[in-house]
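So you can see what is in the structure, the chains are spelled out below.
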Amino acid sequence: METSILQRIPLEIRIHIYNHVLESPTGAILLSRGTFPPTPPERRQRQYAKRKARPTFVVRPIVTTTHELHRVLRIELGLFRTCKQIHNESKHILWRRNILRLHSVTFLDFINWNPAVGSVSQNLRHVEIDVGCGRIGVPDLRNTRIALQKIAEWSRNGSVKSLAIIFAHTRDQIYSTFFYMCRVASATRQCFDQLLGTLKWFKKACSPQLSRQIRIDRISGRDSNRNRWLLRNRHLNMKVVASSLHEHFGGELWADGILCYKNGVEICDRFLPTI
C-alpha cells in the first residue's frame with residue numbers, strides 16, 4: 001500500500017519535483033570527494049568498514065565561467081534513497097539535466113563509484129573535464145588520458161553527446177592551466193606528444209556525432225595586460241600548442257570566450273601579441 005504523499009501525486013507532477021530538486025541552478029554540477037558520516041554503532045561496524053573502502057562524492061552546483069562552487073546551494077541525493085519506485089523514476093534526471101564537470105584527478109575514483117556509473121553511462125548528456133595541475137604545476141595528463149578513453153566508450157555505447165576539455169584559471173592559480181601545458185610542451189616534448197596521440201585516438205574512437213570543444217580560460221592569468229604578458233612568454237609558442245591540440249582533437253577551440261578554431265579552420269588569433 002502506498003504510504004508516501006509523494007507517491008500519491010501524479011507522475012507528471014512528481015517529475016517536476018524531481019527536476020526542481022536535482023537540476024542545478026547554474027546548469028552544471030561538480031562531483032567533489034565527500035566524507036562519510038560518524039562511526040555507526042558496533043553492530044554495523046563490519047558494514048561500515050566495507051563501505052569506507054569505496055569513494056563517495058558530494059554534488060555541488062558550479063559556475064562554469066568562474067569555475068567556483070556555489071556557496072549556498074547543494075544538491076541533495078537523499079531523494080534516491082526514498083524507495084525503489086522514486087529511485088527508478090528520478091535516477092536519470094541528475095545526469096540528463098546537468099552538465100557534469102569532472103576534475104581529472106578525481107576521475108579514477110568516479111568511474112569506480114558503483115552507485116553512479118551504471119546510471120551515468122546511459123543517461124549522461126554533457127561532460128566537461130577540467131585538466132587540473134599537480135602540486136608542482138604539471139597538468140594531470142595521465143588521468144586525462146584515462147578519462148578520454150572512458151568517455152569515448154560512453155559516446156559509442158551510452159548517451160554522451162558533448163565533451164569539453166577545460167584548461168581553467170581559478171583564483172588560487174597565478175597562471176592558467178594552459179600556461180603550464182605550454183611549459184610542459186617546451187620542456188618535455190615526449191609528455192605532450194603522448195597527450196596529442198591520445199587526442200588523435202579519441203577523435204577516431206568516439207562517436208562521430210559527439211560534439212567536441214577545448215576551452216582555455218584567461219591565457220594571461222592574473223596579468224591584466226594580456227599583450228605584454230604574451231610578449232614576455234612568446235618563447236612558449238602558445239599558438240603552436242593550441243593549434244596542435246585542435247588539430248588532433250578537432251571540433252572547436254575557444255580562448256578567453258572567443259572562438260579561435262573550428263573544424264581545422266582558424267577563426268581568430270588570441271595567442272600572438274599585437275605589436
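Quick summary incoming for the structure in this document. (Residues numbered from 1 in each chain as written. Predicted model: local features only at pLDDT ≥ 70, side-chain atom pairs only at ≥ 80, totals over all residues. Heavy atoms only, no water.)

## Some remarks on unusual backbone geometry
Where we set the bar: Helix and strand labels come from DSSP, where a helix needs a run of H or I of at least four residues and a strand needs a run of E of at least two; each type is numbered from the N terminus.
Positive phi is not limited to glycine here, since Asn 237 has a value of about 55 degrees. On the secondary structure map, Asn 237 appears in the loop between α11 (226-232) and α12 (238-249). You will see that Asn 263, though not glycine, has its phi angle at about 50 degrees, which is positive. With respect to the helices and strands, the residue Asn 263 is situated in the loop between β9 (258-262) and β10 (265-266).

## Digging into the pairing of strand β7 (residues 211-216)
Convention followed: Strand pairing is assigned whenever DSSP detects at least two bridges linking the two strands.
In this structure, strand β6 (residues 162-167) lies alongside β7, joined through 6 bridges in parallel fashion. Of the residues in β7, the one forming a bridge with Ser 162 is Ser 211. By the bridge criterion, 4 bridges tie β7 to strand β8 (residues 252-255) in an arrangement that is parallel. When the bridges of β8 are listed, Ile 216 appears paired with Ala 255.

## Some points on the packing of aromatic side chains
This is how it is decided: Two rings from Phe, Tyr or Trp (for Trp, the six-membered ring) form a pair when their centres are within 6.5 Å of each other. A pair whose planes differ by under 30 degrees is stacked, one over 60 is edge-to-face, and the rest are tilted. Relative accessibility thresholds used throughout: buried, under 20% of the residue-type maximum; exposed, over 50%; partly exposed, between the two (1.4 Å probe, protein chains only).
Evaluated as defined, the whole model comprises 3 aromatic pairs. Plain terms: the ring middles of Phe 167 and Phe 178 are 6.1 Å apart, the flat faces sit at 75 degrees to each other, and that makes the pair edge-to-face. Of this pair, Phe 167 sits in strand β6 while Phe 178 is found in helix α9 (residues 177-187), placing the two residues 11 residues apart along the sequence. Ring centres 5.7 Å apart and planes at 15 degrees place the aromatic pair Phe 202 and Phe 249 in the stacked group. Taken together, the residues span a long stretch of sequence, with Phe 202 in helix α10 (residues 189-205) and Phe 249 in helix α12 at a distance of 47 residues. Classification of Phe 249 by relative accessible area gives buried; the value is 0%.

## Considering the nonpolar core
Note the cut-off: In plain words, nonpolar cores are sets of buried Ala, Val, Leu, Ile, Met, Phe, Trp, Tyr and Cys residues tied together by side-chain atoms within 4.5 Å. What makes two residues a contact is simply this: any of their non-hydrogen atoms within 4.5 Å.
Counting 60 residues, the largest nonpolar core has Phe 178, Met 238, Leu 245 and Phe 271 as the members making the most contacts within it. The contacts of Met 238, once residues within four sequence positions are left out, are Phe 178, Phe 179, Cys 182, Ile 219, Trp 229, Leu 230, Asn 233 and Phe 271.

## Focus on a nonpolar patch on the surface
Quick note on the threshold: Like-charged residues are merged into a patch within 9 Å and nonpolar side chains (Val, Leu, Ile, Met, Phe, Trp, Tyr) within 5 Å, provided each residue has over 30% relative accessible area and no salt bridge. Here the accessible surface of atoms and residues is derived via Shrake-Rupley with a 1.4 Å probe, and residues count as covered only by protein chains that are part of the display. We define a salt bridge as a contact between a side-chain nitrogen of Lys or Arg and a carboxyl oxygen of Asp or Glu at a distance within 4 Å.
On the surface, a cluster of nonpolar side chains totalling about 200 Å² of accessible area is made up of Ile 13, Ile 17 and Val 21. Look at Val 21 and you get partly exposed, because its relative accessible area is 33%.

## What to know about α9
Among the 11 residues in α9, 8 count as buried, and that is most of the element. When we look at burial in α9, the residues that qualify are Thr 177, Phe 178, Phe 179, Tyr 180, Met 181, Cys 182, Val 184 and Ala 185.

## Quick look at the side chain of Glu 128
Rule in force here: Any pair of N or O atoms that falls within 3.5 Å is considered a polar contact. Within protein, one atom must be able to donate a hydrogen and the other to accept it, and sequence-neighbouring residues count only if both atoms are side-chain atoms.
Its location among the elements puts Glu 128 in strand β5 (residues 126-130). Relative accessible area serves as the criterion here: at 5%, Glu 128 is assigned to the buried category. At 2.7 Å, the side chain of Glu 128 and the side chain of Arg 101 are in polar contact. Here Glu 128 is in contact with Thr 64, Ile 99, Leu 100, Arg 101, Leu 102, Ala 164, Ile 166 and Arg 215, once residues within four sequence places are set aside.

## Comments concerning the pattern of salt bridges
Per the counting criterion, the structure on display carries 10 salt bridges. We note a salt bridge from Glu 128 to Arg 101, for which the minimum N-O separation is 2.7 Å. Here Arg 101 lies in strand β4 (residues 99-103) and Glu 128 lies in strand β5, a separation of 27 residues in the sequence. Arg 215 is the salt-bridge partner of Glu 128, the closest N and O atoms lying 2.8 Å from each other. Note that Glu 128 is positioned in strand β5 and Arg 215 in strand β7, a separation of 87 residues in sequence. Counted as one network, the salt bridges with shared partners bring together Arg 101, Glu 128, Asp 130 and Arg 215.

## Describing the pairing of β5
Most of β5 sits inside the fold, with 4 of its 5 residues counted as buried. Both β4 and β5 contribute to a ladder of 5 bridges, which runs parallel. Paired with Leu 102 across the two strands is Ile 129, which belongs to β5. Where β5 meets β6, 5 bridges bridge the pair, whose relative direction is parallel. Bridging across to β6, Asp 130 finds its partner in Ile 166.

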